[in-house]
Amino acid sequence: MSEAKLQSGWDPITVYEPIPDRCIPEELPALKKVLPSISILSPNADEALSLLSSPLPASKDIIEKAADDFLDIGIGKDGSGWIVIRSGAMGAYVKCKKNKGVWVDAFWEATDVEKVIDVTGAGNSFLGGFAAGLVLSEDVYQATLYGTVSASFTIEQEGLPSISYLPSGIAIWNGDDPMRRLEVLKQR
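Everything numeric in this text was worked out from a predicted model, so none of it was measured. Residue numbers run consecutively from 1 along every chain, following the written order of its sequence. Under the rules for a predicted model, residues below a pLDDT of 70 receive no local features and side-chain atom pairs below 80 are neither given nor counted, while totals for whole chains, interfaces and linings still include all residues. The side-chain figures draw on all heavy atoms in the structure; neither hydrogens nor water molecules are used.

**Quick look at the environment of Ser42**
To keep things clear, this is the line we draw: Strands here mean DSSP runs of E at least two residues long; helices mean DSSP runs of H or I at least four residues long; both are numbered from the N terminus. A simple rule labels every residue: compare its accessible area, found with a 1.4 Å probe on the protein chains alone, to the largest value its type can have, and call it buried under 20%, exposed over 50%, or partly exposed in between. Only heavy atoms matter for contacts: two residues are in contact if any of them lie within 4.5 Å across the pair. In protein, a polar contact requires one atom able to donate a hydrogen and another able to accept it; more generally it is a pair of N or O atoms within 3.5 Å, and residues adjacent in sequence count only if both atoms are side-chain atoms.
Mapped onto the elements, Ser42 comes out in the loop between strand 2 (40-41) and helix 3 (45-51). For Ser42, a relative accessible area of 1% gives the class buried. For the pair formed by Ser42 and Ser162, sequence separation is 120 residues and the distance between their alpha carbons is 27 Å. For Ser42, the residues in contact, after removing those within four places along its chain, are Tyr16, Glu17, Pro18, Val84, Arg86 and Leu127. Here Val84 takes part through its backbone oxygen, which lies 2.9 Å from a polar atom of the side chain of Ser42.

**Let's talk about the packing of aromatic side chains**
Just so we agree on the cut-off: We call Phe, Tyr and Trp rings a pair once their centres come within 6.5 Å, taking the six-membered ring for Trp, and we label the pair stacked below 30 degrees between planes, edge-to-face above 60, and tilted otherwise. When the NZ atom of lysine or the CZ atom of arginine is within 6 Å of a ring's centre and also within 35 degrees of its normal, the charge is said to sit over that ring.
Per the counting criterion, the structure on display carries 4 aromatic pairs. Residues Phe107 and Trp108 carry aromatic rings whose centres are separated by 4.9 Å and whose planes lie at 85 degrees to one another, so their mutual orientation is edge-to-face. Here Phe107 and Trp108 have matching classes, each one buried. Consider the rings of Phe126 and Phe130, whose centres lie 6.1 Å apart with planes at 15 degrees: the pair is stacked. Residue Phe126 and its partner Phe130 are both found in helix 5 (residues 122-137); the two are separated by 4 residues, about one turn of the helix. Note on accessibility: Phe126 and Phe130 belong to one class, buried. Over the ring of Trp103 we find Lys60; its NZ or CZ atom is 4.8 Å from the centre of that ring. For the cation-ring pair, Arg181 lies above Phe153, with the distance from its terminal atom to the ring centre recorded as 3.8 Å.

**Digging into the sheet that holds strand 5 (residues 102-104)**
Condition: A strand pair is defined by DSSP finding two or more bridges across the two strands. Angles run from 0 to 180 degrees between N-to-C directions of axes, and those axes are lines fitted to C-alpha atoms, restricted for helices to the stretch in contact.
Across the sheet, which stays open at both edges, the 5 strands sit in the order 1-2-3-4-5 with mixed pairing between neighbours. If you trace the sheet from one side to the other, it starts and ends with strand 1 (15-16) and strand 5, each paired once. Two elements, strand 2 and strand 3 (residues 82-86), share 2 bridges in a ladder whose sense is parallel. When the sheet's bridge partners are listed, Ile40 is paired in strand 3 with Trp82. Lying on the sheet, helix 5 is in contact with strand 1, strand 2, strand 3 and strand 4 (92-96); it crosses strand 3 at an angle near 145 degrees.

This is the structure we're talking about:
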């Protein structure tokens, strides 16, 4: 990556999701070596806690401590990176060294159990929406909102969300407008 940057002046944003099978304490030294090259680290809560040998079950306090531990190790160039810990029904915790940590609510609350059908692919969907949100907003917190909305559609059924289009060309997912969900989430 640094060779490409030197040759082209390109300074990419790298979002890293650890491989679940590698999220064991024995792999933490290898992760520490690459963290300075990562812009944003985004494990799920169980992966983050496992890497750090932190106790389960996950709670907001334990997740916040894990985020601080990763930031203390050093994410990004000169420690300027971010951590986004995806935490299922608890939402996502977003933090960097310069900013206070913030919890972004899951779109579907724990009481909305009838809306959560299958969580397969939710993390990947979150990170896809997050990447799109990062391009659109250039802000990690705002990108987390986009990721949360994206994941909300993935968990509503088995398989992929259904997409249709209004006559105006606006895409509707599972019968709902993603931008409407984004606004609802922003209001919380």
